[in-house]
Amino acid sequence: MIIRLSLVIAALVLSDPAVAAKWLRAESDHYVVHAKLDESEIREVATTMENFERLLASQLPRQTRSGRKLQVFLDDSDHRISSILKQTNVGWVRSWPEMSGSFALYDPSDEPVLRYFALFYAQASFYIDNAFFRSNPVWVKVGVPAFFSTAYLGGDEHFILGAPDVRRLMDSSVTAAGLQSILTTNIAPQSHSEWQRFYKLSRETVNPMLIDPRFSGLLENYLAAYASGRSMAESIGEFGNLKELAERIQERREDDGATFRRIVLQAAPPPEIAVRPMEDDEIALIVLRFERLIGGHGDKPAKKLAKLAERFPDSAAVWYEYAAAEFARVQNSRFGGDPLFRGFGFASGVIVVTANPYSDAAAWRAVNRSLALQPGFSQALRLKAEILLGRLVRSGDVDDATGFENVRQMLAPLASEPGRHPLAATLLYQSFLEEGVVPPAEAFEMLGKAFVENPGVEEFRYAYAVALARNGETEIAEKLLTSLLNDPDYRVAAQRALDQVP
């Protein structure tokens, strides 16, 4: 009986689709989705994401299109997602110089109208960051994606917008003091309770501005003021009397006939989606890659990746991630923390070098191991060039023309596609400055395309603005730099650059 029962249980477990599913990679026009789903479901997810992309484009016509696809990793639990950020979270998205990525909750057993919440939030967040040249305050970066996150597919390729977030309802009223608080916040709250309050109020503030004609023009006028370089406090003036605005928002919240919007998408052929199984090393890298990119985990990512390299000695991807983690240790040790634009002097203006810098030897060995396994690995080629450029800068030997040329030869094939490889294009341009020579027009053009197709990365925004100023194109440079004056990380550097614009 025991044996029979065990066999029955084993049969049930093995027949469970959730257990049988394996990690797959699905690539579509705008996204690369990684998830532990069966093939039919991951295709359905990718198709829905592409339809949602069309919805966003119909409601918020883009100024530009990202040159990189968003790398999306889905998990059916928020445990690992939250552990990376060190706070409870169902998903997040970010654009780094190296990649744009998201780690989001997707539970296929959830109700269809609810299961896409975190995924739609990530998509909308990526879209507003990379479809427009303007920068946005934190409450808009949170509130706009929160509004779109509750969209649901009504069938026949139409979406319903404006539904309430039934799992995260706001249990307090909108007040003038509350509006004043979120409208002057320039760094997202860190504690879970403060974040929840900020999130809900940002969502409730944005909601009517995106869907109710009575609020038409408010958000657009505010964002124009913010992007012009006016302070957050000054930009609030575009909303008029905050007490009156709070009352109008609250009245709408209490109105049972609040506006919903049905959006019918234009007919389009089904998206092309390529699906393949993920390898074991790709799966093992998911969490460690994000821990490295987000930071705040000290030396742990490098140590964990060193062990992973022992487990997967023939994986070029693992050796690259280990090399990148080691190089991050080099940068942090030399500049007393994460440096602006990777520690190259033109971005931060002031470089602080510590007395006992960490050696780049481990990073150098690891990146060369990665390239020995996969000679054309673009990320590893870019990192090797960056390590060499860092060595040239630290040596102070600007007369080493051969050394700088070697760096540029590594970067040039990647920089020729600046939208896809924006960091390579930016580093190539920077190599001329570090050598003390005027960058050629081609390098300047590639730097511009790197920013235009990746405007959500502030490093590229700043680098291009400074390059424009050097080229005498001061009007555009000033616009880009003033858009950074409310950014806590770039405020000082942007003001310093503005002061030097002729």
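Just so it is clear, the model here is predicted, and its values are computed rather than measured.

What counts and how
- Residues numbered from 1 in each chain as written.
- Predicted model: local features only at pLDDT ≥ 70, side-chain atom pairs only at ≥ 80, totals over all residues.
- Heavy atoms only, no water.
- Helix = DSSP H or I, 4+ residues; strand = E, 2+ residues; numbered from the N terminus.
- Rg over C-alpha atoms; globule rule 2.2 N^0.38 Å.
- Buried < 20%, exposed > 50% of the residue type's maximum accessible area, 1.4 Å probe, protein only.
- Contact = heavy atoms within 4.5 Å.
- Areas by Shrake-Rupley, 256 points an atom, 1.4 Å probe, with all protein chains shown as cover.
- Lys, Arg positive; Asp, Glu negative; His and termini not counted.
- Charge placed at Lys NZ, Arg CZ, Asp CG, Glu CD.
- Pairing = 2+ DSSP bridges.
- Right-handed = clockwise from strand over helix to strand, strands pointing away.
- Axes fitted to C-alpha atoms, helices over the stretch in contact; angles between N-to-C directions.
- Core = buried A, V, L, I, M, F, W, Y, C linked by side-chain atoms within 4.5 Å.
- pLDDT = per-residue confidence, 0-100.
- Expected span 1.5 Å × (residues − 1).
- Phe/Tyr/Trp six-rings, centres within 6.5 Å; stacked < 30°, edge-to-face > 60°.

A.B. asks: So what about the overall build of the chain? Which residues, and what values?
C.D. replies: A tally of regular secondary structure across the chain gives 23 helices and 9 strands. In terms of overall dimensions, the chain is globule-like: its C-alpha atoms have a radius of gyration of 24 Å, near the 23 Å expected for 502 residues. Viewed in the frame of its principal axes, the chain has a C-alpha envelope of about 75 × 70 × 45 Å. Looking at the chain as a whole, 52% of its 502 residues qualify as buried. Considering only intrachain contacts with a sequence separation of at least 6, the fraction spanning at least 24 residues in the chain is 68%. About 22800 Å² of surface is accessible on the chain, with carbon and sulfur atoms providing 53% of the total. When the 54 positive and 65 negative side-chain charges of the chain are each reduced to one mean point, those points stand 3 Å apart.

A.B. asks: Which residues make up the pairing of strand E3 (residues 70-75), and what values go with them?
C.D. replies: Successive residues of a regular strand alternate their side chains across the two faces of the sheet. Of all the 6 residues making up E3, 5 are buried; the element is thus mostly covered by neighbouring parts of the structure. Where strand E2 (residues 31-37) lies against E3, 4 bridges are found, and the strand directions are parallel. What sits directly across from Tyr31, in E3, is Leu70. As for the winding sense of the linkage, the β-α-β connection from E2 through helix H3 (residues 39-59) to E3 is left-handed.

A.B. asks: I'd love a proper account of the sheet that holds strand E1 (residues 22-27), names of residues and values included.
C.D. replies: Read from one edge of the open sheet, 6 strands run E4-E5-E3-E2-E1-E9, paired in mixed fashion. A strand with exactly one partner marks an edge of an open sheet, and here the two such strands are strand E4 (91-95) and strand E9 (274-277). When the angles between neighbouring strand axes are averaged without regard to direction, this sheet yields 15°. Sheet topology note: the E1/E9 ladder contains 4 bridges and is antiparallel. Directly across from Arg25, in E9, lies its bridge partner Arg276. Set on the sheet, H3 makes contact with E1, E2, E3 and E9; between it and E2 the angle comes to about 145°. Together, E1, E3, E4, strand E5 (100-105) and E9 form the strand contacts of helix H12 (residues 280-294), whose direction differs from that of E5 by roughly 110°.

A.B. asks: Give me the nonpolar core: which residues, what numbers.
C.D. replies: In this structure, Val45, Leu74, Trp139, Phe148, Phe239 and Leu245 are the most contacted members of the largest nonpolar core, which totals 73 residues. The element that contributes the greatest number of residues to this core is helix H5 (residues 117-130), accounting for 10 residues. If sequence neighbours within four positions are ignored, Phe148 has contacts with Phe52, Leu56, Gln59, Leu60, Phe120, Ala124, Leu161 and Leu210. Within the second largest apolar cluster, 42 residues are counted, among which are Leu389, Ala450, Ala477 and Leu485.

A.B. asks: Quick one: what's the story with the environment of Pro301, residue by residue and with numbers?
C.D. replies: Position of Pro301 relative to the elements: it lies in helix H13 (residues 300-311). For the pair formed by Pro301 and Glu291, sequence separation is 10 residues and the distance between their alpha carbons is 6.4 Å. Residue contacts for Pro301: discarding those within four places in its chain leaves Glu291, Arg292 and Ala325.

A.B. asks: Tell me about the side chain of Thr64, and name the residues and values.
C.D. replies: Considering the arrangement of structural elements, one finds Thr64 in the loop between H3 and E3. For Thr64, a relative accessible area of 9% gives the class buried. Thr64 has contacts with Asn130, Ala131, Phe132, Phe133, Val452, Glu453 and Pro455, leaving out every residue within four places of it along the chain.

A.B. asks: I'd like a rundown of the pairing of E2, residues and numbers included.
C.D. replies: The element E2 is extensively covered by neighbouring structure, given that 6 of its 7 residues are classed as buried. With 6 bridges joining them, E1 and E2 adopt antiparallel strand pairing. Residue Lys22 lies in a different strand from E2, and its bridge partner there is Leu37.

A.B. asks: Please provide a residue-by-residue account of the confidence of the model for the chain, values included.
C.D. replies: Taken as a whole, the chain shows an average pLDDT of 88; of its residues, 91% reach a score of 70 or greater. Across residues 1-19, confidence stays below pLDDT 50; counting only partners more than four residues off in sequence or on other chains, it has 2 contacts.

A.B. asks: I'd like a rundown of H5, residues and numbers included.
C.D. replies: The terminal C-alpha atoms of H5, which comprises 14 residues, lie 20 Å apart, in line with the 20 Å expected from a rise of 1.5 Å per residue. In terms of residue burial, H5 counts as a mostly covered element, since 14 of its 14 residues are buried.

A.B. asks: Just give me the short version of the packing of aromatic side chains, but keep the residues and values in it.
C.D. replies: Under the defined criterion, the tally for this structure stands at 26 aromatic pairs. Ring geometry for Phe52 versus Phe120: centroids 3.9 Å apart, planes at 5°, classification stacked. Of this pair, Phe52 sits in helix H3 while Phe120 sits in helix H5, and the two are 68 residues apart along the sequence. Just as Phe52 is buried, Phe120 falls in that class too. Seen from their ring centres, Phe147 and Phe148 are 5.0 Å apart, and the 80° between their planes marks the pair as edge-to-face.

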